[in-house]
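Report on the structure
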Amino acid sequence: MTSLDASRTSPPLVDTSVLAALDDDTPAATTREAFRALNIELGERLAGHFERHRDADFVVRHRAEVIGTLLARSWALFGLDGGPHALLAVGGFGRGELHPHSDVDIAILLGGSLEEAFRERLERWLTFLWDIGLEVGHSVRSPQESATQAAHDLTIATNLMEARLIAGAAAPYAEMQRLTSGDALWPADAFFSAKLTEQQRRHAKFNDAFGQLEPDVKASPGGLRDIQTISWVANRHFRNADLRGLAEHGFLTEDEYRTLIEGRDFLWQIRCALHFAAGRRVDRLLFDHQRGVARALGYSGEGNTPVEAFMRRYYRTVRELASLNDMLLGLFEEAILEDPEAARTVPLNRRFNVRNDAIEVRYPGVFRRHPQALLEVFLLMQQNPEIKGVRASTIRLIREHLDLIDERFRQDIRSRSLFLEILRQPRRIAHELMRMHRYGVLGAYLPPFARVAGLMQFDLFHIYTVDEHSLFLVRNLRRFSFPRSDEDCPAHCRSALERVPKLDLLYVAGLFHDIAKGRQGDHSVLGAEDAVAFCTAHGFSNYDTHLVAWLVRNHLLMSATAQRKDIYDPTVIAEFAREVGDQVHLDYLYLLTVADIRATNPELWTSWKASLLGELYVATRRLMHRRPDTAVEVDERVAAQRAEARDLIRTRLLHLPPSRLQRFWDSLGDDYFVRHRADEIAWHAEIAFGASDDELPVVATRAVPSRGCTAVFVYARDGDALFALTTAALDRLQLDIQDARIMTTAAGYTLDTYMVLEREGGGAVDENARLDEIARRVRATLCGEAPAAPSAPLGSRRKLRHFHIPTEVHFARDEHRRSVMEVIATDQPGLLSRIGEALEQCDVTLIEARIATFGERVEDFFYIADRHGRPYTDAAAQARLRGLIVEALA
């Protein structure tokens, strides 16, 4: 028997008997080459075997067996055998498991003093092991030193638990076992508590999320380390029990044991494929390897289908393993840490008790007799905040009775009432929904939700699986009510939340907004149909049903408007207000949109995006409070902006001649005042009036806290390649452009404003030294005093290499009959600069740019005209521009 399962008998891949012919008289070089050749042959044959059979179990165990033989034989050849010292395999090697490029961990256990002659032979032997291609981790200690170290280091203690003798004397090994086994060192309760804390800290590093884009097969929640943790605790508690032994002790059912072994074997397959593909030890499923691993494991199909199917199986596997880990560690806690005589048991109702702050069933047949108790248990936890968790024995019963949640159960009014009660509780809604999902109850009750479990999209925009993203969205909605920090409740969310009449409608919309992902058709429309079915079945009013369906159908409307349209254009606001309809729909949609973006990818929620959504929300709310079907007229807005800007100029004691200011503003046209705020208009006037023609170009910077970004203003004579040069300079400064507004006066001056964020971290620039650096280097580029080429790709953009979105260029006309060019492409350094160069070559005037990046996908909008300011509508000219952009971004 192996440490985890029965060995699979397979013929040996390499013949180690050739090593027997080597002796002390064999030349050192010959010995070294013989061992090296055998190690290389082993790697090649294991790779071939895995490619043909995908049998990771054989690969892992056979490599451990052969490497053990190499070590034992070389130990003897170097004259290390026959003395008082021992050679041990530790860690995974000690368990008889070695992945293709895993380190070979060994311990030299001293049975007496370390003689100088032995030390010299030992050093030559360790060098020899590296020379033949083994990456060795080693320690040299006496049994007493090992015990002392293990007493203070849990990792050492764990490694020694799995140690086995490879060569040398048995006495020091036996002494080490005596000193470190049983309760002599790390008693079962202390060992369990330390391992549980260790796992919790490890999970926290991964945000306790299973759906990370590039998960660690070994260390992520539900990974191999979680299975090993179960084995280690079992070993300590039951004295050398493995997973099979857990089943024999009644801690595992046969189904649970099979799930653990099948999950472990799948993860072993992935890890072996990773090692073979990379030619080194790799435990993270990086984008670099995901496609190759999917192919190696037999997934086929067009486009991203293979990798998405493979990753979906991975996510479902680790979720199931994590759930089992949670339950089994709970069982250990009850068996190891609890004192039955000191247990506090308080009856909760006829079906449940609270035992030591955890809820448990009062008798094993509760769920069979009262199926609705499968939902009631979560409601009771919400209603009784003193309950800290679910007893492991009850978790097991929940898992074993999921088959009771069938169509009859779902149609039962008692089930529907309980589920709605869970959504309407004042506390722990998201927490218990996540627990329901972890135990399999949520997917059983909502079959459409089960269909998106583990569903991922092979891109950089969605970093969580659809099911996790939806639950994080609900969690974000809850945090608007109970914020842990100011970041949990962005501006306007609190006031919108106070006006929302029914919060449960928001939670239902959150659960259903992406529920149709992965199906053929528009997921928003299909999801709305699912939402209608749910609301109708659960007795929602027609109004509430239509509201939830509208939210699901339009959950992308607000973010698309804010990021792709000019929200300072009254026409855009009026159109958005017509689509939304009223204040109630606006409040619901704003809250759902903010929570959705923040749950998609934490890096996507920037201060700039928060500002855009907030401004769109406020502008729409103001319009709705005006007369019905009226909008702010352009003349009215221009006059108001000019008046407010004049007041700001007076307040700042800026002595700008009124008549000159009037002429300057008249030369800009109404669009300038529509697209800029009053404080920007005053700032621009201050910069422009303070500069002579000899000082141009002038570049000014300032932090804009109210918009969460940094403004870079360029005032210059209009000239060739100004946009291309400026964007190249900003790219070299590691700044991401969020928005660009290009204005040219009738006198031939340009006033260009760029809103930027730091590429690293996504924050605004607020340090004076950095602001000065930006202004200085942009001006140097515009004056030809600094390189104009965009920056080379950074290591942080490694992931972009694995995604290719064919460049698309589309032309259209907006509400004002302006020409709009949309560019869809793969994000890359210098993208805007290259587009600017193409515009320059085609004599195209850029009026405004709206920049939107979704992971690796760019969807930028450029408002353009010909050199005479007319719409850019000539088909031949459009085709030429399209060709240049496609070529530049290839």
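Right, let's walk through the structure included here. (Residues numbered from 1 in each chain as written. Predicted model: local features only at pLDDT ≥ 70, side-chain atom pairs only at ≥ 80, totals over all residues. Heavy atoms only, no water.)

1. Focus on unusual backbone geometry
Cis rather than trans, the peptide bond between Leu-696 and Pro-697 has omega equal to 0 degrees. Of note, Pro-697 is situated in the loop between helix H34 (678-689) and strand E9 (698-704). Its identity is not glycine, yet Arg-54 carries a phi of approximately 55 degrees, on the positive side. Inspection of the secondary structure assignment puts Arg-54 in the loop between helix H1 (28-53) and helix H2 (56-77). Residue class for Arg-54 comes out partly exposed when judged on its relative accessible area of 35%. Residue Asp-843 is not a glycine yet carries a positive backbone phi of 55 degrees. On the secondary structure map, Asp-843 appears in the loop between helix H37 (831-841) and strand E15 (844-850). (Helix = DSSP H or I, 4+ residues; strand = E, 2+ residues; numbered from the N terminus. Buried < 20%, exposed > 50% of the residue type's maximum accessible area, 1.4 Å probe, protein only.)

2. Quick word on the packing of H1 against helix H11 (residues 254-278)
In the contact formed by H1 and H11, the axes pass within 11 Å of each other and the chain directions differ by 130 degrees. Of the possible angle classes, the one that applies to H1 and H11 is oblique. Helix-helix and strand crossings are classified by hand; for H1 and H11 the assignment is left-handed. For the pair H1 and H11, the contacting residues are Gly-43, Leu-46, Ala-47 and Phe-50 in the first and Gln-269, Cys-272, Ala-273 and Phe-276 in the second. (Axes fitted to C-alpha atoms, helices over the stretch in contact; angles between N-to-C directions. Parallel < 35°, antiparallel > 145°, perpendicular 65-115°, else oblique. Left-handed = near helix turned anticlockwise from the far one by under 90°. Contact = heavy atoms within 4.5 Å.)

3. Remarks on the side chain of Lys-195
By secondary structure assignment, the location of Lys-195 is in helix H8 (residues 188-205). Engagement of the side chain of Lys-195 in a polar contact is seen with the side chain of Thr-158, the distance being 3.1 Å. Sequence-distant contacts of Lys-195, defined by excluding residues within four places in its chain, comprise Leu-154, Thr-158, Thr-229, Trp-232 and Val-233. (Polar contact = N/O pair within 3.5 Å; in protein donor to acceptor, adjacent residues only side chain to side chain.)

4. Overview of the packing of helix H9 (residues 224-238) against H11
At a closest axis distance of 10 Å, the pairing of H9 and H11 adopts a crossing angle of 135 degrees. In terms of axis orientation, H9 runs oblique to H11. Read as a crossing pair, H9 and H11 show a hand that is left-handed. Of the residues in H11, those in contact with Leu-224, Ile-227 and Ile-230 of H9 are Leu-260, Arg-264, Leu-267, Trp-268 and Arg-271.

5. Quick look at the sheet that holds strand E4 (residues 164-168)
Across a sheet, strands are paired by hydrogen bonds formed along the backbone, either parallel or antiparallel in direction. Spatial ordering of the open sheet is given by E3-E2-E1-E4, a layout of four strands whose pairing is mixed. Edge strands, defined here as strands with exactly one partner in the open sheet, are strand E3 (136-141) and E4. Mean inter-strand twist for the sheet, computed between neighbouring axes without regard to direction, equals 25 degrees. Of the pairings in the sheet, the one linking strand E1 (residues 86-89) to strand E2 (residues 104-109) comprises four bridges and is antiparallel in character. The residue of E2 that forms the bridge with Ala-86 is Leu-109. Most of the contacts of H2 go to E4, to which it runs at about 30 degrees, and overall it touches E1, E2 and E4. (Pairing = 2+ DSSP bridges.)

6. A look at the packing of aromatic side chains
One pass over the structure, following the stated rule, counts 26 aromatic pairs. Between Phe-50 and Phe-276 the ring centres are 5.7 Å apart and the planes differ by 40 degrees, which places this aromatic pair in the tilted class. Here Phe-50, found in helix H1, pairs with Phe-276, found in helix H11; they are 226 residues apart in sequence, far enough to count as distant. Residue Phe-50 is classed as buried on the basis of its relative accessible area of 4%. Owing to a relative accessible area of 25%, Phe-276 belongs among the partly exposed residues under this scheme. The cationic tip of Arg-244 hangs over the ring face of Tyr-257; the distance from NZ or CZ to the ring centre is 4.3 Å. (Phe/Tyr/Trp six-rings, centres within 6.5 Å; stacked < 30°, edge-to-face > 60°. Lys NZ or Arg CZ within 6 Å of the ring centre and 35° of its normal.)

7. Thoughts on the sheet that holds strand E7 (residues 358-361)
Spatial ordering of the open sheet is given by E5-E6-E7-E8, a layout of four strands whose pairing is mixed. Each edge of the open sheet carries a strand with a single partner, namely strand E5 (345-347) and strand E8 (389-390). Bridge analysis of E7 against E8 gives two bridges, and the strand direction is parallel. Within E8, the position partnered with Ile-359 by the bridge is Val-390. Running over the sheet, helix H15 (residues 373-383) touches strand E6 (352-355), E7 and E8 and is turned about 40 degrees from E6.

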